[in-house]
Amino acid sequence: MMSQRSERRGIHLDQSELLCKKGCGYYGNTAWQGLCSKCWREENQRERQKQIQEDWALAERLQREEEEAYASRHQRAQSQPTITPFSKFEERKTKEKSSKVNTVTKFFTPSAKTPPKKDTTSFDTQSSPSPSSSSSRHPPADTDHATREFIDFLKPLKSGREIFKQCRAFTESMVYKRDMGADELSECVQDFYQNLSDRLQTQFKGSTEHVESVMDEVEKYMMTRLYKEVFCPETTDDEKKDLAIQKRIRALHWVTIEMLCVPVDEEIPEVSDSVVKAITDVIEMDSKRVPKDKLACITRCSKHIFNAIKISKKEAASADDFLPTLIYIVLKANPPRLQSNIQYITRFCNPSRLMTGEDGYYFTNLCCAVAFIEKLDGQSLNLSPEEFELYMSGQASPHWPQGAGASSPGSAALSQVHKRLDLLTGLGERQDRVIEKARQLESDLIDWTDEVEQKVQSVLESFPQETHNPTATTASGTTSAAASAIDSDNVENERLPPPLQPQVFAG
Amino acid sequence: MAAGGTGGNSNKTYSFKVVLLGEGCVGKTSLVLRYCENKFNDKHITTLQASFLTKKLNITGKRVNLAIWDTAGQERFHALGPIYYRDSNGAILVYDITDEDSFQKVKNWVKELRKMLGNEICLCIVGNKIDLDKDRHVSVEEAESYAESVGAKHYHTSAKLNKGIEELFLDLCKRMMETAQAEERLKGNGASQSASSRRGVQIVDDEPQATPAGGCCSSG
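Residues numbered from 1 in each chain as written. Chains lettered and ligands numbered in written order. Predicted model: local features only at pLDDT ≥ 70, side-chain atom pairs only at ≥ 80, totals over all residues. Heavy atoms only, no water.

Enquirer: What am I meant to see in the overall build of chain B here?
Expert: Helix and strand counts for chain B stand at 7 helices and 6 strands. Its helices and strands taken in sequence order, chain B reads β-α-β-β-α-β-α-β-α-β-α-α-α from the N to the C terminus. At a minimum sequence separation of 6, the contacts of chain B that also span at least 24 residues come to 72%. For chain B, the exposed area adds up to about 11,000 Å²; of that, 49% sits on carbon and sulfur atoms. (Helix = DSSP H or I, 4+ residues; strand = E, 2+ residues; numbered from the N terminus. Contact = heavy atoms within 4.5 Å. Areas by Shrake-Rupley, 256 points an atom, 1.4 Å probe, with all protein chains shown as cover.)

Here is the structure:
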């Protein structure tokens, strides 16, 4: 039919030309490059897949490059000023590597909601990664696990099923409220905690410990599931604040232990060890999902700080010692997403723990440290405003003048570098002097030859040529004759015995 | 929940947060270490730190958990005060009787606390180091009249001689309990109001009543 009609219009189309080019027997379509719908879809899919993969490979490469550039920049920025306070700099660097990566990846994931990965390898090995799927990196297994644990915990309780039902219902309802402001979300969760704990209080006849252990589990279950929705939500400027504090801490890299009056002596190996552990713990906070676990990281960090102070000062640490040290640790660690974490804990942690507990105390101190860092000026470091400005702008560093005097290994290396530099500049100067002298010699020589030439010229001019030339030739003639006569005079030579020949003795 | 005001042996446990404020070197840490560990300048202090300490008390049959928060006293940390003292039930303001300046600092703290927290916080002004009475630079009359004028109690202590510290904390606890009880009574009168305002969340309130009857999970 079709071919007949097309023939009538004067266009000849062979039946075979209408068929799919793949030869599957179906009709093809020019819009699909002569393929049938089925083959086209396959082909197109393959093409698109290839494109996606190429894009992804490119994105990955770019990211890696950027990461490397950032890392090297970071390293440079850090290594220079931290030499003095960081005695075991290299070791720390490697220890912190994994945590550093967290900070770095943070910069490249558009939404800060994603929990950081454990290391880079997990990032590379992910099979079907695409930038937009980054938010689903945490496998649902995690939340399933939390749910299972929660159920196991509640099983022996009388009203366990009831508690679970309410928590689940509440958690699910929260998902639909994600457009609400962070404060409202926090209010909802806090109200839920309050109501539930009130009810548990009547149920357990006021056994506070029991209520608290249940509330801990409730918090763990709910926040594991809600983490993605409520950590650093888009409705807030948490992320902006994160970047601001991160930048601020980086700008303050030059702050020394002496400026903060930190009573910690990092030359004692045990102390510097505690300092490293404290830094690691405060960085690790970001990798936890449950507020209680985050608080536990802060507490562990604080305990390490106390340990460092106790070894240095040989007495129990007071708040006068603790806060400056914590500030120092935060400056050195530059923990990822610091503000988001603080906000998250404030909003969704069980209030009783935050208000009166030991964890709460350390958390409050962390908030204080952050507030101090934000408002820090020259006065609070016993510096003049001019000095502070110089250090902040990077035009001066407090480490230079101390380089020679301080005795830590880092500064020893620094002073050595300085000595070498001095030596090198000395060498340069000497070389310059040599070159200058050489130039002078050269010009002297030129002058001298000119002078000689002039003298010769003047002499030549003052004496007529004819009288001089014969004398010159005769003079040279006598000398050559004298030279030839040396041998000829030596007549006795012939009477001398022949010179000794070297002989080989059989040995 | 048992209301603390009426029942003689109610099972409610009070939890109080007390902040220690005062300039560095006035002996805040010594004071609290003496109270919680009964030690002074001891090399064998068991606690790792002396900045957060707790004490369990039993006052007229009621359990009290006291959490004592030390604060950094250096001048440059003064601005951080509000972060420390928010939600605290009591504040202990320590000065050194040999140091006029430290008393001036206490006055500043009192002014700030009253402005930020009003009258719901119990204030104690403490003149420490009375073992150094011969070097006294803050007169007893001046300190006590000032304390009275701002609605605070004044105490004289010596961490070194262990004088007046037990009384200070006991007194403070009693006052905080009174404040808490007064607050509870107030809440009790307006219970319906506060309850309804807190009911913004969906908690299925009729189901718990069914639970005990059914006892679905009772056997485990």
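Enquirer: How should helix H11 (residues 269-284) of chain A be read in this particular structure?
Expert: Note that an α-helix has 3.6 residues per turn; residues three or four places apart therefore point the same way. Over its 16 residues, H11 of chain A extends 22 Å from the first C-alpha to the last, a length consistent with the 22 Å expected when each residue adds 1.5 Å. Of the positions making up H11 of chain A, those classed as buried are Val271, Ser272, Ser274, Val275, Val276, Ala278, Ile279, Asp281, Val282 and Ile283 of chain A. (Expected span 1.5 Å × (residues − 1). Buried < 20%, exposed > 50% of the residue type's maximum accessible area, 1.4 Å probe, protein only.)

Enquirer: Teacher, can you tell me more about the interface of chain B and chain A here?
Expert: The parts lose accessible area when they come together, and the size of an interface is often stated as this lost area. With 43 residues of chain B at the contact, the number on the chain A side is 57 residues. Taken over both partners, the interface formed by chain B and chain A buries close to 4,000 Å², and the fraction arising from carbon and sulfur atoms is 60%. If you look at where chain B meets chain A, you find 1 salt bridge. Salt-bridge contacts for Lys28 of chain B lead to Asp320 of chain A; the nearest nitrogen and oxygen are separated by 3.7 Å. (Buried area = accessible area lost by both parts, 1.4 Å probe. Salt bridge = Lys/Arg side-chain N within 4 Å of Asp/Glu carboxyl O.)

Enquirer: Sorry if this is basic, but what is going on with the pattern of salt bridges here?
Expert: Residues and elements named next belong to chain A. Within this structure, the stated rule accounts for 20 salt bridges over all chains. In this structure, the salt-bridge partner of Glu43 is Arg46, at a minimum N-O distance of 3.9 Å. On the criterion of helical spacing, the pair formed by Glu43 and Arg46 is a turn pair, its members being 3 residues apart in helix H3 (residues 37-82). Overall, the relative accessible area of 25% leaves Glu43 in the partly exposed class. For Asp321, the salt bridge identified is with Lys313, shortest N-O distance 3.2 Å. Accessibility expressed as a relative area gives 8% for Asp321, which makes it buried. The exposure class assigned to Lys313 is partly exposed, which follows from its relative accessible area of 34%. Overlapping salt bridges, with partners in common, bring together Asp281, Glu284, Lys288 and Arg300 in one network.

Enquirer: Where do I start with a negative patch on the surface in this structure?
Expert: A cluster of acidic side chains, namely Asp444, Asp447, Asp450, Glu451 and Glu453 of chain A, defines a negative patch on the protein surface. With respect to the helices and strands, Asp450 of chain A occurs in helix H19 (residues 409-462). (Patch = residues over 30% accessible without salt bridge, like charges linked within 9 Å, V, L, I, M, F, W, Y side chains within 5 Å. Lys, Arg positive; Asp, Glu negative; His and termini not counted. Charge placed at Lys NZ, Arg CZ, Asp CG, Glu CD.)

Enquirer: Whenever I open this one, the nonpolar core confuses me. Can you help?
Expert: Note that soluble globular proteins tend to have their nonpolar side chains buried in a common cluster. Membership of the largest hydrophobic core comes to 87 residues, with the highest contact counts inside it found for Trp254, Leu260, Ile327 and Leu381 of chain A together with Leu93, Leu113 and Ile125 of chain B. Here this core gets 11 residues from one element, more than from any other, and that element is helix H16 (residues 358-375) of chain A. Beyond its immediate sequence surroundings of up to four residues, Leu113 of chain B is in contact with Leu21, Tyr85, Ala91, Leu93, Gly118, Ile121 and Leu123 of chain B. Membership of the second largest hydrophobic core comes to 33 residues, among which are Leu31, Leu53, Tyr155 and Phe169 of chain B. (Core = buried A, V, L, I, M, F, W, Y, C linked by side-chain atoms within 4.5 Å.)

Enquirer: Just to check I follow, could you spell out the pairing of strand S6 (residues 153-156) of chain B for this structure?
Expert: Along any regular strand the residues' side chains alternate between the sheet's two faces. Residues and elements named next belong to chain B. Across 4 bridges, the pairing between strand S5 (residues 122-128) and S6 is parallel. Bridge pairing links Val126 to Tyr155 in S6. With helix H4 (residues 140-149) bridging S5 and the parallel S6, this β-α-β connection has right-handed handedness. (Pairing = 2+ DSSP bridges. Right-handed = clockwise from strand over helix to strand, strands pointing away.)

Enquirer: So what exactly am I meant to see when it comes to helix H7 (residues 160-175) of chain A here?
Expert: Along its 16 residues, H7 of chain A runs 23 Å from first to last C-alpha, staying within 8% of the 22 Å computed at 1.5 Å per residue. Of the positions making up H7 of chain A, those classed as buried are Gly160, Glu162, Ile163, Phe164, Gln166, Cys167, Phe170, Thr171, Ser173 and Met174 of chain A.

Enquirer: Help me understand the sheet that holds strand S4 (residues 90-96) of chain B in this model?
Expert: What links the strands of a sheet is backbone hydrogen bonding, and the strands pair in either a parallel or an antiparallel sense. All names here are of chain B. Taken together, 6 strands build an open sheet; the order of strands is S2-S3-S1-S4-S5-S6 and the sheet is mixed. The strands lining the two open edges of the sheet, one partner per strand, are strand S2 (52-59) and S6. Direction aside, neighbouring strands of the sheet carry axes that sit 25° apart on average. Where strand S1 (residues 13-21) lies against S4, 4 bridges are found, and the strand directions are parallel. Bridge assignment links Val19 to a residue of S4, and that residue is Ala91. Against the sheet, helix H1 (residues 28-37) touches S1, S2, strand S3 (62-70), S4 and S5, its axis set at about 45° to S2. Strands S4, S5 and S6 of the sheet are contacted by H4, whose axis makes an angle of about 150° with S6. (Axes fitted to C-alpha atoms, helices over the stretch in contact; angles between N-to-C directions.)

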